[in-house]
Each structure stands twice: as C-alpha cells, then as structure tokens.
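# Commentary on secondary and tertiary structure
Each chain, letter by letter, is given below.
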Amino acid sequence: MQTTTRASAALLALACVWAPAWADATDSARLESGFARHLAQVINGYRQLQGLPGLEVAAELETLADEHSTAMATQRRLSHDGFHSRLGRTTSRLCVENVGWNYPTAETLLDGWRHSPEHLRNLLDPKVRRMGLAARARYVTFFACS
C-alpha cells in the first residue's frame, strides 16, 4: 500500500510538470516524440519505485514501436497485429508489448496500464532491459525486450 501511494504521488508530480495538449499541437511529430520520451521517463520512474532497474531506450525497438503505432493509426484501431513479426526482427527471445489510444498524458496512460494485470506484468517484467516507444495520432506502442 505504501509503495502504491508513493507511486501515485510520483505520477501526480510528473503530471504537473508535463501535460501535453494534443488537440492544440501544430507540430504533431514533435509532440508525439515528446510524449514517447516522457512516457519512457514515467515508465522508468515507476519501475524504480517497484525496485526494478529502468529500461534502456533502444533505437531498433523504437523503430518497431513506431511502425506499429503508425499501422494502428492508419487502421484506426488498437491491435497487437504483427507482434510475432516484431519479435522476430529482434535479437531477443522475450519481448512484451502494451498499446494504448487517446490518453491525454503519459501519466494517465501508465495509470491505465497499471490497472490491467496483463499490462502491469509487461511493465514490471524483470527480464526486459530495453524498450522502444512511439506515438502516432494518439496510438501508442510500448515494445520492450530482454
């Protein structure tokens, strides 16, 4: 309970520092990139509060996450389509993936994932060490591997 309280307080503090206005963005690519970078910080902060190391942001995983977010945006639907193909394009034996859509901040997205047992398991998997994040048209992909 105490860890959850500390995690919530940390998330709230981060929310006060950075809250994008998606609808007012004139440079959506810059905003989406900033959202993904901030989400990486929020995820690592949460993992550290749980006693786990942060994840290294890996360019090759960012590319895979970006391709998937772009595909979801084009199709206008959340999916895990092509997950095994993405896994096969890595050198890892273990990868996990969370997707989300239409969250106004990185903190609210993380909070949604925290309240889903499957998504939480992916966030806190101690075997994953690297991650890639991407946001396109409010479709977000977290792709993390060992």
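Everything here concerns the structure above.
Let me sum up the structure you'll find in this document. As the structure is a prediction and not an experimental result, all values here were calculated from the model.

### Focus: the nonpolar core
In this structure, Leu39, Ile43, Trp113, Met131, Leu133 and Phe142 are the most contacted members of the largest nonpolar core, which totals 21 residues. Residue assignment for this core shows that the elements contributing at least two residues are helix 2 (28–49), helix 5 (106–114), strand 3 (130–136) and strand 4 (139–145). It is helix 2 that contributes the most residues to this core, 7 residues altogether. By size, the runner-up hydrophobic cluster in this structure holds 10 residues, among which are Ala58, Leu61, Phe83 and Cys145.

### Points about the state of the cysteines
Taken as a whole, this structure holds 1 disulfide when the rule is applied. In this model, Cys95 is linked to Cys145 through a disulfide, with the two sulfur atoms separated by 2.0 Å. On the sign convention where negative is left-handed, the bridge of Cys95 and Cys145, at about 105° about the S-S bond, is right-handed. Here the residue Cys95 occupies a position in strand 2 (residues 95–101), and Cys145 occupies one in strand 4, the gap between them amounting to 50 residues. We classify Cys95 as buried; its relative accessible area is 7%.

### Here's the deal with the environment of Ala134
Assignment of secondary structure puts Ala134 in strand 3. The exposure class of Ala134 is buried, given its relative accessible area of 5%. The spatial distance from the C-alpha of Ala134 to the C-alpha of Leu39 is 9.3 Å, given a sequence separation of 95 residues. Those residues in contact with Ala134, other than ones at most four positions away along the chain, are Ala36, Glu62, Ala65, Asp66, Ser69, Tyr139, Val140 and Thr141.

Quick notes on the rules
Think of each chain on its own: its residues are numbered from 1, step by step along the sequence as written. At least 70 in pLDDT is required for a residue's local features to be given in this predicted model, at least 80 for side-chain atom pairs to be given and counted, and no such filter applies to totals for whole chains, interfaces and linings, which use all residues. Derived side-chain values reflect all non-hydrogen atoms in the structure, with water molecules and hydrogen atoms excluded from consideration. Throughout this description, the term nonpolar core refers to a set of buried Ala, Val, Leu, Ile, Met, Phe, Trp, Tyr and Cys residues connected via side-chain atoms within 4.5 Å. Think of it in three bands: with a 1.4 Å probe and only protein chains considered, a residue is buried below 20% of the maximum accessible area for its type, exposed above 50%, and partly exposed in between. Helix and strand assignments come from DSSP, with helices taken as H or I runs of at least 4 residues and strands as E runs of at least 2, each series counted from the N terminus. We call a pair of cysteine sulfur atoms a disulfide whenever their separation is within 2.5 Å. Residue contacts are counted whenever heavy atoms from the two residues lie within 4.5 Å of one another.

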